[in-house]
Amino acid sequence: MLRLILLSTAALAVLAVAVQLGVAVGETRLSPTVVYQVLANQLAGAQYPVDPIDQGIVWNYRLARALVAASCGAGLAISGVILQSLLRNALAEPYLLGISAGASTGAVLVSVAGLGAGAISMTTGAFFGAVCAFALVALLAHAAGSGGLRNSAQIVLAGIAGSQLFNALTSLIITKSGSAEQARGIMFWLLGNLSGVRWGDTLLTAGVAVAGIAVCAWHARALDAFTFGSESAAALGVPVRRVQLVLLLVAALITAVMVSIVGAIGFVGLVIPHAARFMVGVRHRRLIPASALMGAVFLIAADVISRTLIPGQVLPIGVITALVGAPVFAGILLKGRGGRA
Amino acid sequence: MPVRRLAFSTLAALLAGTVLSFSASATEYPLQLHNCGHTLKFDKAPASVVTIGQAGTEMLYALGLGDKVAGTSLWFNAVQPRFKAVNDKVPRLADNDPSFESVIGKRPALVVSQFEWMVGKEGVVGTREQFHDLRIATYAMPSDCEGKNNLSGSDGTRTAAYDAHALYKSVQQLAQIFDVEARGKALVNELTQRQAKAVAELKSSKLQNVSAALWFSSADLAIDPYMAGQKGVAGYMLQTLGLRNIVTSAEEWPTVGWETIALANPSILIIARMDRRRFPADDYQKKLEFLKKDPVTQHMDAVKNNRIVIVDADALQGSIRMVDGMEQIAQAALRLQGAAR
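1. Let's talk about the packing of helix H4 (residues 99-111) of chain A against helix H5 (residues 122-144) of chain A
Residues and elements named next belong to chain A.
Here comes step 1: Interhelical geometry of H4 versus H5 gives an angle of 140° and a closest axis separation of 6 Å. Taken together, the axes of H4 and H5 are oblique relative to one another. Considering how the two elements wind past one another, H4 and H5 form a crossing that is right-handed. For the pair H4 and H5, the contacting residues are Ile99, Ala101, Gly102, Ala103, Thr105, Gly106, Ala107, Leu109, Val110 and Ser111 in the first and Met122, Gly125, Ala126, Phe127, Phe128, Gly129, Ala130, Cys132, Ala133 and Phe134 in the second.

What follows is the structure, encoded as structure tokens:
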């Protein structure tokens, strides 16, 4: 019990440091004193005289963004854990269910095809697109398989079919009616963009992430049981159908919410669970919190890099996650090669 | 020194206008013109023309050549009201990019293309050679090829800043091709005089070297906005009017974070009004609402003191409407100054 408390405190401390980094470093230079003063003003009721613009930047822009980055990183990572465990496939990741493809179609319908005439935001369109795509993939998988996830290949193939369909629809809409400016706006969103998030988004993403982690942690034992297949899990007394349904829905919901708010940030759901497994092993009681923490820190770092790599220009965060994630993953792969039991 | 350069270029433009008006005469055929890396030869005025790009279309209408236009394409917004009657009689091949066959199906003698990415080395409609093989001449508007490399960057990258002389060159060359040189001179004179007047009015006020930023639109309301960069058309307009653009990027419409804009704190904020409703930020009312409600932008000097200028988006293009835009900005800025006193 004590160990649990110590570990949790350490984890939260690491997260706090990462969030601090995200707040202090950004596309413009703000002195650490100013950052400290703003945080002190807001959190501790101090009365430092701070320029209201600096205050707004640190508190409303950067802090909200760092927290959203943490939530998205954590959410996408545990979705990846769920999918890799349920489907028993090392290459499974949240976007397998067609969610990001559906989200992109929803987003371009709103912003390029003009659906909603400017009254609906890209986020809402993306969310509905994601939900539609997931529903389609689920129906397809259900119809193709004999019910349940006995054959995970069915889900993967259904997901591929769904993703391809929605990606094609996205391309159709962009090439038919998009101008260069609209195509640019969509491109940025398709690769991930945290610049428009504010406190409202923070509450939503943090809530979803925390709830998702809680549900996952609750099912940690069941997820361990699935390692040997669903028949073995059933033999171990796990209510297979119910758990599969709940966890898949949770993964889909988390992914849909995250993707509609910040766009399709790749690599996190695929790589972070593997990296976490190398660090803490395969037991889900440790894997889930570790993945969540690593995902959170990774995405904050990626966001900071995307804003500071090229001065005066913000890169899409998806580019950074891939550029940074791939070599790191290669390193972990090589390092763990000798010591794996 | 920007002020000296602007004075010089205005003077040069006026002089050019005056000198050329002395030499307005019928075109001598056969006519040979150098245009964007190709040599065009005309034995007589073209009997019919197809336009790809609204700037070229409206330029021909302004030269009184509406009856020679066999088809139009690539429209960004509604045709100018004074050309509506003429335009209604002209078939529209496409709102966006036309197909190669639809263009040649009209059997034009000339194709006027506004952008190199429409008709050029990697032209979406076709290459210039493809048209020349069919004995159809192509005219590429100089504003898109002079000082611009269209093989890099999503909108092409300007190697040199946009300059209105490219616009006047188009008018003169098209007038020459169609043997309406007198009308061409008159149009150039009118435009240069109006531009010079707008510049002079601002110069005599106290608004010289005041900092400004121009917000076109944003992919989502709170996301990084598209601002006018240094080298594009809008950047040229700001510079010629003597306003200092706080955006340092050389791109035509870079995305700049609100953090950067708020910290640069321009004295005047110019926002675009348009009929299009793709992004929520297209509606200038929503732009104003955002500026007043966002926790950072509401503290900007321009927003607090309501020094916000509204200009038509159509007037921010490299077409004859550009002068309308400069007049709008100049008049609105002067009104602001008048209100402040």
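2. What to know about the pairing of strand E2 (residues 38-42) of chain B
Residues and elements named next belong to chain B.
Here comes step 1: With five bridges joining them, strand E1 (residues 31-35) and E2 adopt antiparallel strand pairing. Bridge pairing links glutamine 32 to lysine 41 in E2.
Here comes step 2: In this antiparallel pair of consecutive strands, E1 and E2, the connection spans two residues, and cysteine 36 shows a positive phi of 50°.

3. Notes on unusual backbone geometry
Here comes step 1: Between Tyr29(B) and the following residue, Pro30(B), the backbone shows a cis peptide bond with an omega angle of -5°.
Here comes step 2: Looking at where Pro30(B) falls in the secondary structure, it is placed in the loop between helix H1 (2-22) and E1.
Here comes step 3: Unusually for a residue other than glycine, Arg88(A) sits at a positive phi of about 50°.
Here comes step 4: Mapped onto the elements of the fold, Arg88(A) is located in the loop between helix H3 (52-87) and H4.

4. Quick notes on the interface of chain A and chain B
Here comes step 1: Contact residues are listed per partner, giving 30 residues for chain A and 28 residues for chain B.
Here comes step 2: For the side of chain A that touches chain B, the element with the highest residue contribution is helix H7 (residues 180-190) of chain A, accounting for seven residues.
Here comes step 3: In terms of residue class, the side of chain A that touches chain B is made up of 11 nonpolar, 15 polar and four charged.

5. A few points about the domain arrangement of chain B
All names here are of chain B.
Here comes step 1: Splitting chain B by domain gives domain 1 (2-193) and domain 2 (205-340).
Here comes step 2: Every contact between the two is made by 19 residues of domain 1 and, on the other side, 21 residues of domain 2.
Here comes step 3: Taken together, the elements giving at least two residues each to the side of domain 1 that touches domain 2 come down to H1, helix H2 (54-62) and helix H7 (164-177).
Here comes step 4: At five residues, H2 tops the list of elements feeding residues into the side of domain 1 that touches domain 2.

6. Details of the sheet that holds strand E5 (residues 92-94) of chain B
All names here are of chain B.
Here comes step 1: Here five strands make up an open sheet; going across it, the order is E5-E4-E3-E6-E7 and the pairing parallel. The outermost strands of the open sheet, each flanked by one partner alone, are E5 and strand E7 (137-140). Direction aside, neighbouring strands of the sheet carry axes that sit 20° apart on average.

7. Examining H2(B)
Residue and element names in this part refer to chain B.
Here comes step 1: The element H2 is extensively covered by neighbouring structure, given that nine of its nine residues are classed as buried.
Here comes step 2: For H2, the set of buried residues is Gln54, Ala55, Gly56, Thr57, Glu58, Met59, Leu60, Tyr61 and Ala62.
Here comes step 3: Positive backbone phi, at 75°, marks glycine 64, one or two positions downstream of H2.

8. Let's talk about the confidence of the model for chain B
Residue and element names in this part refer to chain B.
Here comes step 1: In the predicted model, chain B carries a mean pLDDT of 85, and the fraction of residues at 70 or more is 88%.
Here comes step 2: By mean pLDDT, the top-scoring element of chain B is strand E3 (residues 49-52) (95), and the lowest-scoring one is H1 (52).
Here comes step 3: Note that pLDDT drops below 50 for residues 17-22; the model gives that stretch six contacts with residues more than four away or on any other chain.
Here comes step 4: Of the two predicted TM-score estimates for the complex, the pTM is 0.78 and the ipTM is 0.75.

9. Description of the nonpolar core
Here comes step 1: Formed by 208 residues in total, the largest nonpolar core has its most connected members in Ala70(A), Ile99(A), Ala256(A), Ile300(A), Leu63(B) and Leu214(B).
Here comes step 2: For this core, the element with the highest residue contribution is H3(A), accounting for 21 residues.
Here comes step 3: Residues lining this core come from more than one domain, with at least three contributed by each of domain 1 (2-193) and domain 2 (205-340) of chain B.

10. Here's the deal with the packing of H3(A) against helix H11 (residues 240-262) of chain A
Residues and elements named next belong to chain A.
Here comes step 1: Taken N-terminus to C-terminus, the directions of H3 and H11 make an angle of 145°; their axes are 9 Å apart at the nearest point. Handedness of the H3/H11 crossing: left-handed. Along the contact surface, H3 presents Val68, Cys72, Gly75, Leu76, Ser79, Ile82, Leu83 and Leu86, while H11 presents Gln244, Leu247, Leu248, Val250, Ala251, Ile254, Thr255, Met258 and Val262.
Here comes step 2: Within the contact of H3 with H11, the residues separate by chemical class into 13 nonpolar, four polar and no charged.

11. Thoughts on helix H12 (residues 268-280) of chain A
Residues and elements named next belong to chain A.
Here comes step 1: For H12, which comprises 13 residues, the first-to-last C-alpha distance of 17 Å matches the rise-based estimate of 18 Å (1.5 Å per residue) to within 8%.
Here comes step 2: Every buried residue belonging to H12 is among Val268, Gly269, Leu270, Val271, Ile272, Pro273, Ala275, Ala276 and Arg277, and all of these are buried.
Here comes step 3: Within two residues after H12, glycine 281 carries a phi angle of roughly 95°, on the positive side.

12. Looking at the confidence of the model for chain A
Here comes step 1: Chain-level pLDDT for chain A is 86 on average; 94% of the residues reach the 70-or-more range.
Here comes step 2: The element-level mean pLDDT for chain A is lowest in H7(A), coming to 72, with helix H8 (residues 199-218) of chain A highest at 94.

13. Structural notes on the environment of Met300(B)
Here comes step 1: Checked against the element boundaries, Met300(B) lands in the loop between helix H11 (284-293) and helix H12 (301-304).
Here comes step 2: Given 26 C-beta atoms within a 10 Å radius, Met300(B) is considered buried.
Here comes step 3: Taking the C-alpha atoms as reference, Met300(B) lies 7.9 Å from Pro266(B); in sequence the two are 34 residues apart.
Here comes step 4: When near neighbours in sequence (up to four residues on either side) are disregarded, Met300(B) contacts Ile53(A), Ala262(B) and Asn265(B).

14. Section: the environment of Ser291(A)
Here comes step 1: Relative to the helices and strands, Ser291(A) is located in helix H13 (residues 284-308).
Here comes step 2: Remark: the alpha-carbon pair of Ser291(A) and Gly75(A), spanning 216 residues in sequence, is separated by 9.2 Å.

15. What about the environment of Val38(A)?
All names here are of chain A.
Here comes step 1: Mapping valine 38 onto the fold places it in helix H2 (residues 32-44).
Here comes step 2: On the basis of neighbour counts, which here come to 24 C-beta atoms within 10 Å, the residue valine 38 falls in the buried class.
Here comes step 3: Taking the C-alpha atoms as reference points, valine 38 and glycine 116, separated by 78 residues in sequence, lie 39 Å from one another.
Here comes step 4: Discounting chain neighbours no more than four positions away, the residues touching valine 38 are Val50, Asp54, Gln55, Val58 and Trp59.

Parameters and conventions
- Residues numbered from 1 in each chain as written.
- Chains lettered and ligands numbered in written order.
- Predicted model: local features only at pLDDT ≥ 70, side-chain atom pairs only at ≥ 80, totals over all residues.
- Axes fitted to C-alpha atoms, helices over the stretch in contact; angles between N-to-C directions.
- Helix = DSSP H or I, 4+ residues; strand = E, 2+ residues; numbered from the N terminus.
- Parallel < 35°, antiparallel > 145°, perpendicular 65-115°, else oblique.
- Left-handed = near helix turned anticlockwise from the far one by under 90°.
- Contact = placed C-beta atoms within 7 Å.
- Pairing = 2+ DSSP bridges.
- Nonpolar A, V, L, I, M, F, W, Y, C, P; charged D, E, K, R; others polar.
- Domains from an automatic or database assignment.
- Buried ≥ 20, exposed ≤ 12 C-beta atoms within 10 Å, placed from the backbone.
- pLDDT = per-residue confidence, 0-100.
- Core = buried A, V, L, I, M, F, W, Y, C linked by C-beta atoms within 7 Å.
- Expected span 1.5 Å × (residues − 1).

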